[in-house]
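Survey of secondary and tertiary structure
Chain by chain, the residues run as shown.
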Amino acid sequence: MRDPTGFLGEEYRQLAAADLDWKLRQLEGPSAPRCTIDGHPVLMLCSNNYLGLSNHPRLKEAAIEAVRTRGVGSGSVRPIAGNMDLHVELEKRLARFKGAEASLVFQTGFAANAGLIPQLVGEGDLIVSDELNHGSIIDGVRLARSERAVYRHGDTDDLERVLREAEGRAPAPGRILVITDGVFSMDGDIAPLDRIAAVAADHGAMVYVDDAHGEGVLGEGGRGIVSHYHLPRDRVHVEMGTFSKAFGVVGGHISGSSDLVRFAYNKSRTWLLSGSHPPAVVAACIAAIDVLESEPKHVARLWELTRRFKRAMADLGFDLGSSATPITPVIVGDSATARKLSDRIFELGVFALPIVFPMVAKDKARLRTIMNAALTDDDLEFAIATFRKAGRELRLI
Ligand SMILES: *Cc1c(COP(=O)(O)O)cnc(C)c1O
């Protein structure tokens, strides 16, 4: 009899033969700049823990204290019996931090996008999405019953064209949602959210920004992309983000009007039907906001190191693409070269993974580095020296 699961092994072997399978690395100990991966001591240069908060003593203490006072689980989904005082406090603190009327915490950023996007638009409506948006937006868009259109990456003239064409059709779309990443995770460039918001306003469209890589990084004290552009709050209707990156913990969130938040938690199935965060997670997220508000040195250090790293790498002759943030791609050409560079710097003691086709164009394979505020000056020099050595050996510079 034919094995109904035969495709599992077959498809995996095809991926592996094309060298497209994930070879999982094991981190032994905390996610810190000096860490151990697969038994090998390395400098971590590709974590999303931008500010080192996942090891901050105030976050660790808050988590431990929450376990002592409230246990390890919430016991339910939030709409039934799992809405703890800590969840409500976190949302109040986040809204204040963002300068928004209200905030709502989801289990993850992925759950926020997958749960909310398909509720904001329906049949007869339209979503217009940047061509390089994150996979969780793409899945959220696929769950929506609306029409979909894509505009060229970061190109507001093309966005305008797409909106004009849609309005020229009969019947014209009902609601329109324009959606973009704030910082694009493969290139580190910043969406022109000021111009996107202006074009959207001209067409009566809603604006949704996924600021997963902007929070804790951009704007006043790491308040994110809306703060970065000094945009009035009513210009960006959904500001979505995550506690899993610069905040150093885990959890998704949205901020906006009170109407948005009440709508979102009554309608998003990922929120309604999935257990709420354990108290330790929520307490650590509250402590992360405390740290951002009271210790501005982390964001300042992140940018200082980012500027120094980019300048040194550009001086060495590396192609850093269009990055304007701590995400710094080192673009080397084909996939094999990117893999070789990654393997060589790993041997020398630096960890950054290659990003290759199909995640990026065939001739734009890269190592994606992410700067981290917890690096010492010596760590930074070591990272640069390692790229210099490996880059010269492989004749990239
Ligand atoms: C990481 C990321 C997400 C997902 O966030 P999680 O909280 O980790 O699920 C969503 N959008 C973007 C742009 C991201 O980079």
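Since we're looking at a predicted model, the values are computed, not measured.

This part is about the overall build of the protein. Each helix and strand counted, the protein has 14 helices and 14 strands in total. For the protein, whose C-alpha radius of gyration is 22 Å, the value lies close to the compact-globule estimate of 21 Å for 397 residues. Along the longest, intermediate and shortest principal axes, the C-alpha atoms of the protein span 65 × 60 × 55 Å. Taken over 397 residues, the protein has a buried fraction of 54%. Within the protein, counting contacts between residues at least 6 apart in sequence, those at least 24 apart form 70% of the total. Surface summary for the protein: the accessible area is close to 18000 Å², and the carbon and sulfur share equals 53%. Across the protein, the 47 positively charged side chains and the 52 negatively charged ones have centroids separated by 2 Å.

Moving on to helix α12 (residues 297-316). In a regular helix each residue adds 1.5 Å, so 20 residues correspond to 28 Å; α12 covers 28 Å between its end C-alpha atoms and thus fits that length. Within α12, the full set of buried residues consists of His298, Val299, Arg301, Leu302, Trp303, Leu305, Thr306, Phe309, Lys310, Ala312, Met313 and Leu316. Of the surrounding elements, those touching the buried residues of α12 are α11 (279-294), β11 (327-333), β14 (365-370) and α14 (377-393). One or two positions beyond α12, positive phi appears at Gly317, with a value near 105°.

Quick look at the site of the ligand now. Taken together, Thr108, Gly109, Phe110, His134, Ser136, Asp181, Asp210, Ala212, His213, Thr242, Ser244 and Lys245 make up the full set of residues near the ligand. With respect to the ligand, the backbone of Phe110 contributes an N or O atom lying 3.0 Å from an oxygen atom. A distance of 2.9 Å is found between an oxygen atom of the ligand and a side-chain nitrogen or oxygen belonging to Ser244. For the ligand, whose unbound accessible area comes to 390 Å², protein coverage reaches 87%. Looking at the shell around the ligand residue by residue, the classes come out as 2 nonpolar, 7 polar and 3 charged.

What the 4 strands build is an open sheet, ordered β1-β2-β3-β12; its pairing is mixed. Both outer strands of the open sheet, β1 (27-28) and β12 (350-351), are each paired with one neighbouring strand and no more. Taken together, the 2 bridges between strand β3 (residues 40-44) and β12 define a ladder with parallel strand orientation. Bridged to Leu43 within β12 is Val350.

Our focus in this paragraph is helix α4 (residues 109-120). Since one α-helical turn is 3.6 residues long, residues separated by three or four positions face the same way. Helix length check: α4, at 12 residues, gives a terminal C-alpha distance of 16 Å against a target of 16 Å (1.5 Å per residue), a fit within 8%. Residues of α4 that are buried include every one of Gly109, Ala111, Ala112, Asn113, Ala114, Gly115, Leu116, Ile117, Pro118 and Leu120, and no others.

What the domain assignment reports for the protein is domain 1 (26-55 + 296-393) and domain 2 (57-294). On a C-alpha basis, the centres of domain 1 and domain 2 stand 27 Å from each other. Residue-level contacts link 24 residues of domain 1 with 26 residues of domain 2. For the domain 1 and domain 2 pair, buried surface summed over both sides reaches about 1900 Å², with 63% attributable to carbon and sulfur atoms. Looking only at domain 1, the three residues that lose the most surface to domain 2 are Asn48, Tyr50 and Leu53, adding up to 26% of its buried area. Between Asp187 and Arg366 there is a salt bridge, with the nearest N and O atoms lying 2.8 Å from each other. Looking at the side of domain 1 that touches domain 2, the elements with two or more residues in it are α12, β11 and β14. It is α12 that contributes the most residues to the side of domain 1 that touches domain 2, 4 residues altogether. Across the side of domain 1 that touches domain 2, the residue classes tally to 14 nonpolar, 8 polar and 2 charged.

Moving on, we get to the pattern of salt bridges. By the definition in use, this model includes 29 salt bridges. Residues Glu347 and Arg344 are paired through a salt bridge, measuring 2.7 Å at the closest nitrogen-oxygen approach. Within this pair, Glu347 and its partner Arg344 are both found in helix α13 (residues 335-348), separated by 3 residues, close to a single helical turn. Given a relative accessible area of 52%, Glu347 falls into the exposed group. Three or more residues joined by partner-sharing salt bridges are found here, namely Arg152, Asp155, Asp158, Arg161 and Glu165.

Across a sheet, strands are paired by hydrogen bonds formed along the backbone, either parallel or antiparallel in direction. If you walk across this open sheet you meet the 3 strands as β11-β14-β13, and the pairing is antiparallel. Two strands close off the open sheet at either side, each with one partner strand: β11 and β13 (354-355).

With that settled, the discussion passes to the environment of Ala212. Tracing the sequence through the fold places Ala212 in the loop between β8 (206-210) and α8 (225-228). For Ala212, a relative accessible area of 11% corresponds to the buried category. Spatially, the C-alpha atoms of Ala212 and Ser185 are 8.8 Å apart, while their sequence positions differ by 27 residues. With residues near it in sequence (within four places) discarded, Ala212 still touches Met240, Gly241, Thr242 and Lys245.

Right, let's get into unusual backbone geometry. For residues that are not glycine, phi is negative in most cases, and the peptide bond is trans in most cases. Residue Pro171 follows Ala170 across a cis peptide bond; omega there is -5°. Pro358 follows Phe357 through a cis peptide bond whose omega is 5°. Phi at Asp19 takes a positive value of approximately 60°, unusual for a residue other than glycine. Inspection of the secondary structure assignment puts Asp19 in the loop between α1 (6-17) and β1. On the basis of relative accessible area, Asp19 is assigned to the partly exposed category, the value being 28%.

How each quantity is defined
- Note on numbering: residues in each chain are counted from 1, in written sequence order.
- Owing to the predicted nature of the model, reporting of local features is limited to residues with pLDDT of at least 70; listing and counting of side-chain atom pairs is limited to 80 or more, with chain, interface and lining totals taken over all residues.
- Heavy atoms throughout the structure, all of them, feed into the side-chain values; hydrogens and water do not.
- Secondary structure follows DSSP: runs of H or I at least 4 residues long count as helices, runs of E at least 2 residues long count as strands, and numbering of each begins at the N terminus.
- Atoms considered for the radius of gyration are the C-alpha atoms alone. The globule rule reads 2.2 Å times the number of residues to the power 0.38.
- Per-residue accessibility, obtained with a 1.4 Å probe over protein chains only, is compared with the maximum for each type, and a residue is labelled buried under 20%, exposed over 50%, and partly exposed between these values.
- The contact criterion used throughout is that any non-hydrogen atoms of two residues lie within 4.5 Å.
- In these tables, accessible area is a Shrake-Rupley quantity obtained with a 1.4 Å probe, and a residue counts as shielded only by the protein chains included in the view.
- When charges are tallied, Lys and Arg are placed among the positive residues and Asp and Glu among the negative ones, while His and the ends of the chain are skipped.
- Every charge is mapped to an atom, namely NZ of Lys, CZ of Arg, CG of Asp or CD of Glu.
- Here a helix's expected span is defined as the number of its residues, less one, multiplied by 1.5 Å.
- Whether a residue is near a molecule or strand depends on its heavy atoms: it is near if one of them lies within 4 Å of it.
- Under this definition, polar contacts are N or O atom pairs within 3.5 Å; protein pairs additionally need one hydrogen-donor-capable and one acceptor-capable atom, and for neighbouring residues in sequence, both atoms have to be side-chain atoms.
- Three categories are distinguished: nonpolar for Ala, Val, Leu, Ile, Met, Phe, Trp, Tyr, Cys and Pro, charged for Asp, Glu, Lys and Arg, and polar for the others, with Gly belonging to the last.
- Whether two strands pair comes down to DSSP finding at least two bridges between them.
- As annotated, the domain borders come from an automatic or database domain assignment.
- When two parts are put together, the accessible area they lose, computed with a 1.4 Å probe and summed over both, is reported as buried area.
- When a carboxyl oxygen of Asp or Glu is within 4 Å of a side-chain nitrogen of Lys or Arg, the pair counts as a salt bridge.

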